[in-house]
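If you want the building blocks of each chain, they are given just below.
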Amino acid sequence: MNKLINIMSDDMNIHPYTNEPAEYFGYRVIYSALGLWCLTSALSEKEGKRGISKNAQSILLHDLSKKYVELCPMAKRFIFASRNIDIAVFIRNIYEQTGYLLTLDNNYNVLNNSGETIKVSETDYLYFGLPATYYIVNGLGIHCRNSRHEVKLNDFLIRDSLPPEEYIKVKYDECDFNERDIDVAELEFFNPFYYGNISNSWHGHMKSNMTMARKSKTGPYYKTIRKEDGTLLFADDSSEDELDALTGAEFRRLYIALRYHYDNPMQLLICPIDEAYSYIRILGQLPNREYFYLLMNAWPRYGFSDRNHFIIRNELTVQTAEVLRTIGFTARKGEFYG
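Just so it is clear, the structure is predicted and the values come from calculations on it, not from any experiment.

From N to C terminus, the chain includes ten helices and 20 strands. Relative to the 2.2 N^0.38 estimate, which gives 20 Å for 338 residues, the radius of gyration of the chain is 22 Å and therefore close to what a compact globule would have. Taken along its principal axes, the extent of the C-alpha atoms in the chain is 70 × 50 × 40 Å. The 338 residues of the chain split such that 54% are buried. A distance of 5 Å separates the average location of the 38 positive side-chain charges in the chain from that of its 44 negative side-chain charges.

Shown next, in the form of structure tokens:
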């Protein structure tokens, strides 16, 4: 492994797990280093202007990613894992959405160094900003051992406190539904009993009394209720969402809740690797609030755009499991196969 990669890993307190391939470890170090550079660049001040322009920040991270890959060529497939998403824009957006970066009127980003912290384990806090003292980097999150201005985790996630069953009751209040002049033969229905991926959970027949229906993958989408006499009732439900925003991809929460309601919850597998790390696999797609939370605490395993597989420190698995249980996942232990 390149000497500079090792120095960077020591600076960020990132260490390989048992038998971790060099390219996987190199990728994790580079990914976190790009995050740290992104935050540090927002401390700039030039000619009386605070921060750094979004464009300059993206260019900086893009250039750095190329230089880092030259140091660790085997990590290239992880850093440039997506043809559709640029890692520089991806990292910058995550920090903007989670509040690490504040965007000024002149489209400059400045670092939010307010020192707000969120407790994520018995000993660790997620720190918004860059601490002057000891810290470690987990994925894109900056972690420290001391609390400053502590905020509650739910305040960060900015969502209601409804458990899945209560959420379903609100979403499927029959008063909001009515009969519609819709050709049922043109519809596909979400099957909450199907165990596999959501993308394969759509069928030509309605298999539950409450579900989602769609005319095509691009919509329109409808919340659907089947009454005892077989009558179908519909309510509009747009699948359009800001997929890059913290509050985006909320439609996925409804699919998770429906699966939970019909005793087929989505699964979170927690697979211990060694005394320091675990591998977690998410059998389903997360709303962005929970996905961004994971990005602040773990490393996407198969490339920066991987939404289903993560490497995480053991002490952070407890809260992670609880966050996903809250929206309807079931957590269980699994085996790590390397």
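Resuming the write-up.
Turning next to the sheet that holds strand β9 (residues 141-144). Strand order in the open sheet formed by five strands is β8-β9-β7-β6-β10, and the pairing between neighbours is mixed. At either margin of the open sheet sits one strand with a lone partner, and together these are β8 (136-138) and β10 (149-150). Bridge analysis of strand β6 (residues 116-119) against strand β7 (residues 125-127) gives three bridges, and the strand direction is antiparallel. Among the inter-strand pairings, T117 is bridged to a residue of β7, identified as Y127.

Relative to the assigned elements, E20 resides in the loop between α1 (3-12) and α2 (22-41). Between the alpha carbons of E20 and E186 there is a distance of 49 Å; along the sequence they are 166 residues apart. Look past the residues within four positions of E20 in its chain and what remains in contact with it is H15, F25 and R28. Only 2.8 Å separates the side chain of E20 from the side chain of R28, close enough to count as a polar contact.

We now examine a nonpolar patch on the surface. A contiguous nonpolar patch, built from L4, I7 and L71 and spanning about 220 Å² of accessible area, is present on the exposed surface. Looking at the secondary structure, you find I7 in helix α1. By relative accessible area, I7 is classed as partly exposed at 40%.

As a further point, take the sheet that holds strand β17 (residues 277-283). Taken in spatial order, the five strands of this open sheet run β18-β19-β17-β16-β20, and their pairing is mixed. Each edge of the open sheet carries a strand with a single partner, namely β18 (298-300) and β20 (330-333). Strand-to-strand twist across the sheet, computed as the mean angle between neighbouring axes with direction ignored, equals 25 degrees. In this structure, β17 lies alongside strand β19 (residues 309-313), joined through five bridges in antiparallel fashion. If you follow Y279 over to β19, its bridge partner there is I311. Sheet strands in contact with α2 are β17, β18 and β19, and its direction is about 110 degrees off that of β18. The sheet strands contacting helix α10 (residues 317-327) are β16 (267-272), β17, β19 and β20, and the helix crosses β16 at an angle near 170 degrees.

A large share of helix α8 (residues 251-261) lies buried, amounting to eight of its eleven residues. Every buried residue of α8 is accounted for by R252, R253, L254, Y255, I256, A257, L258 and R259. Count one or two residues on from α8 and you reach D263, which has phi positive near 55 degrees.

Here we come to the packing of aromatic side chains. Using the criterion set out here, one finds 21 aromatic pairs in the structure. Judged by centre distance (6.3 Å) and plane angle (75 degrees), the ring pair of F251 and Y255 falls under edge-to-face. Of the two residues, F251 and Y255 both sit in helix α8, four residues apart, roughly one turn of that helix. Judged by its relative accessible area of 7%, Y255 is buried. Aromatic rings pair up to connect Y17, Y277, Y279, W299 and F336 into one cluster. Across from the ring centre of Y167, 4.0 Å away, lies the NZ or CZ of R253, which sits over that ring. R307 extends its terminal NZ or CZ atom over the ring of Y291, reaching a point 3.8 Å from the ring centre.

Locating F292 in the fold gives a position in helix α9 (residues 288-295). Residue F292 is classed as buried on the basis of its relative accessible area of 2%. Taking the C-alpha atoms as reference points, F292 and T98, 194 residues apart in sequence, are found 7.5 Å from one another. F292 has contacts with I94, Q97, T98, D244, A245 and L246, leaving out every residue within four places of it along the chain.

Okay, the nonpolar core next. Counting 95 residues, the largest nonpolar core has Y31, I91, Y95, Y172, M212, L258 and F329 as its most contacted members. The element that contributes the greatest number of residues to this core is α2, accounting for eleven residues. Those residues within four positions of I91 in sequence are excluded, and the remaining contacts are Y31, L34, G35, C38, L61 and L140. The next biggest cluster of nonpolar side chains, apart from the first, holds eight residues, and it includes L187, F189, A213 and Y222.

Conventions we followed
Residues numbered from 1 in each chain as written. Predicted model: local features only at pLDDT ≥ 70, side-chain atom pairs only at ≥ 80, totals over all residues. Heavy atoms only, no water. Helix = DSSP H or I, 4+ residues; strand = E, 2+ residues; numbered from the N terminus. Rg over C-alpha atoms; globule rule 2.2 N^0.38 Å. Buried < 20%, exposed > 50% of the residue type's maximum accessible area, 1.4 Å probe, protein only. Lys, Arg positive; Asp, Glu negative; His and termini not counted. Charge placed at Lys NZ, Arg CZ, Asp CG, Glu CD. Pairing = 2+ DSSP bridges. Contact = heavy atoms within 4.5 Å. Polar contact = N/O pair within 3.5 Å; in protein donor to acceptor, adjacent residues only side chain to side chain. Patch = residues over 30% accessible without salt bridge, like charges linked within 9 Å, V, L, I, M, F, W, Y side chains within 5 Å. Areas by Shrake-Rupley, 256 points an atom, 1.4 Å probe, with all protein chains shown as cover. Salt bridge = Lys/Arg side-chain N within 4 Å of Asp/Glu carboxyl O. Axes fitted to C-alpha atoms, helices over the stretch in contact; angles between N-to-C directions. Phe/Tyr/Trp six-rings, centres within 6.5 Å; stacked < 30°, edge-to-face > 60°. Lys NZ or Arg CZ within 6 Å of the ring centre and 35° of its normal. Core = buried A, V, L, I, M, F, W, Y, C linked by side-chain atoms within 4.5 Å.

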